[in-house]
Amino acid sequence: MIALSCTNITKFYGIDCILDEISFTVNTGDKIGLIGINGAGKTTLMKILMGIESKDGGEIFIAKDTSVGYLEQNTAIDLDISAFDYCEAVFSDLFEMEHKMRSLEHLLAESDASSYELYLDEYSKLQEAFDLANGYAISSKIRGILNGLGFEESDHKKSINQLSGGQKSRVGVARLLLKQPDILLLDEPTNHLDIDAIKWLEGYLREYTGTIMLISHDRYFLDQVTTKIYEIEAQELVEYNGNYSQFIKQKNAIYEASLHHFEQQQKEVKKQEELIRKFKDRGTEKLAKRAKSREKRLDHVELVNKPKLFKAHFKIDLKAGITSGKDVLRVENLCKSYDSKKVLNDISFEIYRGEKIGLIGPNGVGKTTLFKVLLEETLKDQGNILYGHHIEPGYYDQELKNLTLEHTILEEIHDENPQLSLTEVRNLLGAFLFKGDDYEKKIDQLSGGERSRVSLLKLMLSTSNFLYLDEPTNHLDILAKETLEDALLNYDGTLLTISHDRYFLNKICTKIFELTASGIQVFWGNYDYYVEKLAESESLSTAAPVEPELTKTKQKELQKKEKEKRQQIKAHKATLQNTEDLIHKLEEQLHNLQLKLCEESIFSVPEKAMWVQKEISQIELEIEQNYLKLEALLEKL
């Protein structure tokens, strides 16, 4: 059944076309991810659907009696009522029903026989409707959603205007979910949520019985929730079945097929043009006519443009200036408190050259504080911070405080890199999608995504060999995130990053640090490995409960064994590689000795020939022994 459909929706801002006759249909129960680069028109489309913005052409159909709920991006309410009361107002009709039931209970107690049946019949109908609407569970439902979105019980009764900006946005999400409209339109619903809250929201939306269309740059979230992807690109909308990962596969396949078609057509065009040239060069009347005929046919061929996989995006190439020592950073028993509140408690860990580590944990646990202590921007209370040799840290701050707001973009880059000419700076800015008059824009005039690009360019030019990245994918659209990820995968330095972007953590990280109130727990793998280990731990905990002290001890033992196992695997692979390298070296030596036997200066002198033959026999024996060793190593993999 069709829940929503659009036909030829068109939207202009001045002379700029944002949406060009886009059409699509949304069926009841669809869960759609709406994606595209920043400025593609995603939010504009949602506002058109809600009637907040006008369309310049086209038709919109929404099924009769269908309720639509819309969550705007970064909407922060500011009211002098509690978060709980604001959410409770969603059920005003049920409270009115309950009030009528209480009034009828009094009337029943005081009524005579003639009116008793009448009151009882009305009460029964109200009671049935109230039960059907699950009226008695309203309070627990509100608490469940607020808690799921990361609120503490103590926050429920706080006045909304006392909450942080992020909390205010989350109250708006909670109220919308409680309304349960038939169609949910969500614009960046994971903003201001930590990983636990995002996971809760994923589960809630997966089980949601209504229809969902959501805008998100969180690819992991899109993978978990959506069943279709609508991509807006070049003012057009294209539909793909499946989640984000399946969309990428389909888009790549379409691109490859289109590229093959383009290349085949170009090949055929060149072939025909070459034949026409040859026919003309021959100078005969018959061949000239054939050349003319082929030219006419060629003129009528509809040439296809070379396909582009994605719209051009900025390029980033991160390189460490100098190679650091193997030991990059060792932290021992680090502690930090603000007044009576302990933020970091007995933090200890080690980081080695080339590692790419994700630092995760709930909001407020102290991740950014840890960065600032390690970078000596904030004083520690106790503990040791020991950097290795030749370490040059670089810091990407999620608040982008490393930018000077009064500077133009050109000044921001050139002032810190005076060795570059203005032409070189302009070329670099061009690679980061800044063109023409953009160079003279002041930093405080830029969007979050533009500021992020400037900060990333500064980081690229810094040649740091140890990067601290605090939420580097914030403000970036999906293509920008993937550009950054490719750069970090090729980065030859060391990386420690705070991120709530699980897709990013999965793709980049080789180790996860989970920061908790009691310290740091280390997981040797990416984000999915971390989730897998947590699930195993919870399964063990459910199957065989143990005393808390024993659980912690056991956990440390398992962690130690796991580390030893990984070290053994690493050593095994190193031995395997060394054996293969040795075999290759020995086979080269054998080949060279066999060539020597063909030299007259060797085979003509029996003593020399015998010596070379002896060497050949010895190397053949070594090769055979190493092949046996290699087979044994491969069997153990």
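Residues numbered from 1 in each chain as written. Predicted model: local features only at pLDDT ≥ 70, side-chain atom pairs only at ≥ 80, totals over all residues. Heavy atoms only, no water.

**As for the overall build of the protein chain**
Logical step 1: What the protein chain contains, in helices and strands, is 20 helices and 18 strands.
Logical step 2: For 637 residues, the compact-globule estimate of 2.2 N^0.38 gives 26 Å, and the C-alpha radius of gyration of the protein chain, at 33 Å, exceeds that figure by more than 25%.
Logical step 3: In terms of overall dimensions, the protein chain has C-alpha extents of about 135 × 90 × 55 Å along its principal axes.
Logical step 4: Within the protein chain, the proportion of its 637 residues that are buried is 43%.
Logical step 5: Looking at the protein chain as shown, the accessible area adds up to about 35,200 Å², and 50% of this sits on carbon and sulfur atoms.
Logical step 6: Counting 81 positive and 105 negative side-chain charges, the protein chain places the averaged centre of each group 6 Å from the other. (Helix = DSSP H or I, 4+ residues; strand = E, 2+ residues; numbered from the N terminus. Rg over C-alpha atoms; globule rule 2.2 N^0.38 Å. Buried < 20%, exposed > 50% of the residue type's maximum accessible area, 1.4 Å probe, protein only. Areas by Shrake-Rupley, 256 points an atom, 1.4 Å probe, with all protein chains shown as cover. Lys, Arg positive; Asp, Glu negative; His and termini not counted. Charge placed at Lys NZ, Arg CZ, Asp CG, Glu CD.)

**Let's talk about the sheet that holds strand 6 (residues 183-187)**
Adjacent strands of a sheet pair through backbone hydrogen bonds, lying either parallel or antiparallel.
Logical step 1: Read from one edge of the open sheet, six strands run 5-6-7-3-8-9, paired in mixed fashion. On the outer flanks of this sheet lie strand 5 (68-71) and strand 9 (236-241), each paired with one strand and no other. With strand direction ignored, the average angle separating the axes of adjacent strands in the sheet is 15°.
Logical step 2: Running over the sheet, helix 6 (residues 165-179) touches strand 5 and strand 6 and is turned about 170° from strand 5. (Pairing = 2+ DSSP bridges. Axes fitted to C-alpha atoms, helices over the stretch in contact; angles between N-to-C directions. Contact = heavy atoms within 4.5 Å.)

**Thoughts on the pattern of salt bridges**
Logical step 1: This model, assessed by the stated rule, comprises 26 salt bridges.
Logical step 2: A salt bridge links Glu412 to Lys458, with the shortest nitrogen-to-oxygen separation between them at 2.7 Å. Of this pair, Glu412 sits in helix 12 (residues 409-416) while Lys458 sits in helix 14 (residues 448-462), and the two are 46 residues apart along the sequence. No difference in accessibility class separates Glu412 from Lys458, as the two residues are buried.
Logical step 3: Salt bridges linked by common partners bring Arg219, Lys481, Glu482, Glu485, Asp486, Asp501 and Lys507 together as one network. (Salt bridge = Lys/Arg side-chain N within 4 Å of Asp/Glu carboxyl O.)

**Overview of helix 3 (residues 92-110)**
Logical step 1: Taking 1.5 Å as the rise per residue, helix 3 with 19 residues should run 27 Å; its terminal C-alpha atoms sit 27 Å apart, in good agreement.
Logical step 2: Considered for burial, the residues of helix 3 that qualify are Leu94, Met97, Met101, Leu104 and Leu108. The buried side chains of helix 3 occupy one side of the element, clustering within an arc of 70° when seen end-on. Structural note: helix 3 exposes His99, His106, Ala109 and Glu110 on the side pointing more than 90 degrees away from its buried face.
Logical step 3: Lining the buried residues of helix 3 we find helix 4 (113-132) and helix 5 (138-148). (Expected span 1.5 Å × (residues − 1). Arc of directions from axis to C-beta.)

**Remarks on helix 6**
Logical step 1: Given a rise of 1.5 Å per residue, 15 residues ought to cover 21 Å, and the 22 Å separating the end C-alpha atoms of helix 6 matches this to within 8%.
Logical step 2: Burial analysis of helix 6 places 13 of its 15 residues in the buried class, which makes it a mostly covered element.
Logical step 3: A positive backbone phi angle near 50° is found at Gln180, which sits one or two residues after helix 6.

**Observations concerning the packing of helix 5 against helix 7 (residues 195-206)**
Logical step 1: For the pair helix 5 and helix 7, interaxial distance at closest approach is 8 Å and the crossing angle is 130°. Taken as axis vectors, helix 5 and helix 7 run oblique relative to one another. Between helix 5, through Gly144, Ile145 and Gly148, and helix 7, the contact on the second element is made entirely by Ala197, Trp200 and Tyr204.
Logical step 2: Of the residues contributing to the contact of helix 5 with helix 7, the split by class is four nonpolar, two polar and no charged. (Parallel < 35°, antiparallel > 145°, perpendicular 65-115°, else oblique. Nonpolar A, V, L, I, M, F, W, Y, C, P; charged D, E, K, R; others polar.)

**Some words on the packing of aromatic side chains**
Logical step 1: Applying the stated rule across the entire model yields 14 aromatic pairs.
Logical step 2: Where Phe349 meets Phe513, the ring centres are 5.1 Å apart and the plane angle is 55°; that geometry is what we call tilted. With Phe349 in strand 11 (residues 341-352) and Phe513 in strand 17 (residues 511-516), this residue pair connects regions lying 164 residues apart in the sequence. Residue Phe349 shares its accessibility class with Phe513, and that shared class is buried.
Logical step 3: Cluster of aromatic residues (ring-pair linked, three or more members): Phe371, Tyr387, Tyr395, Phe466 and Tyr468.
Logical step 4: Cation over ring: Arg170 sits above Phe151, and NZ or CZ is 5.0 Å from the ring centre. (Phe/Tyr/Trp six-rings, centres within 6.5 Å; stacked < 30°, edge-to-face > 60°. Lys NZ or Arg CZ within 6 Å of the ring centre and 35° of its normal.)

**Digging into the sheet that holds strand 18 (residues 519-523)**
Logical step 1: Strand order in the open sheet formed by six strands is 14-15-16-12-17-18, with mixed pairing between adjacent strands. The open sheet terminates on both sides in strands that have one partner only, identified here as strand 14 (393-396) and strand 18. If you compare each strand with its neighbour and ignore which way they point, the axes differ by 20° on average.
Logical step 2: Relative to strand 16 (residues 494-498), strand 15 (residues 466-470) runs parallel, the two being bridged by five bridges. Its bridge partner lying in strand 16, Tyr468 is registered against Leu496.
Logical step 3: This element, helix 11 (residues 367-374), spans strand 12 (356-360), strand 14, strand 15, strand 16, strand 17 and strand 18 of the sheet and lies at about 140° to strand 16.
Logical step 4: With respect to the sheet, helix 14 is in contact with strand 14 and strand 15, its orientation differing from that of strand 14 by roughly 175°.

**Focus: unusual backbone geometry**
If a residue is not glycine, its phi is most likely negative; likewise, a peptide bond is most likely trans.
Logical step 1: We note that Glu188 has phi near 50°; this positive angle belongs to a residue other than glycine.
Logical step 2: Residue class for Glu188 comes out buried when judged on its relative accessible area of 9%.
Logical step 3: Positive phi values are uncommon outside glycine, yet Glu471 reaches one of about 50°.
Logical step 4: Among the structural elements, Glu471 can be located in the loop between strand 15 and helix 15 (478-489).
Logical step 5: Taking the relative accessible area as the measure of exposure, Glu471 reaches 5% and is therefore buried.

Just distances and angles here, no functional claims.
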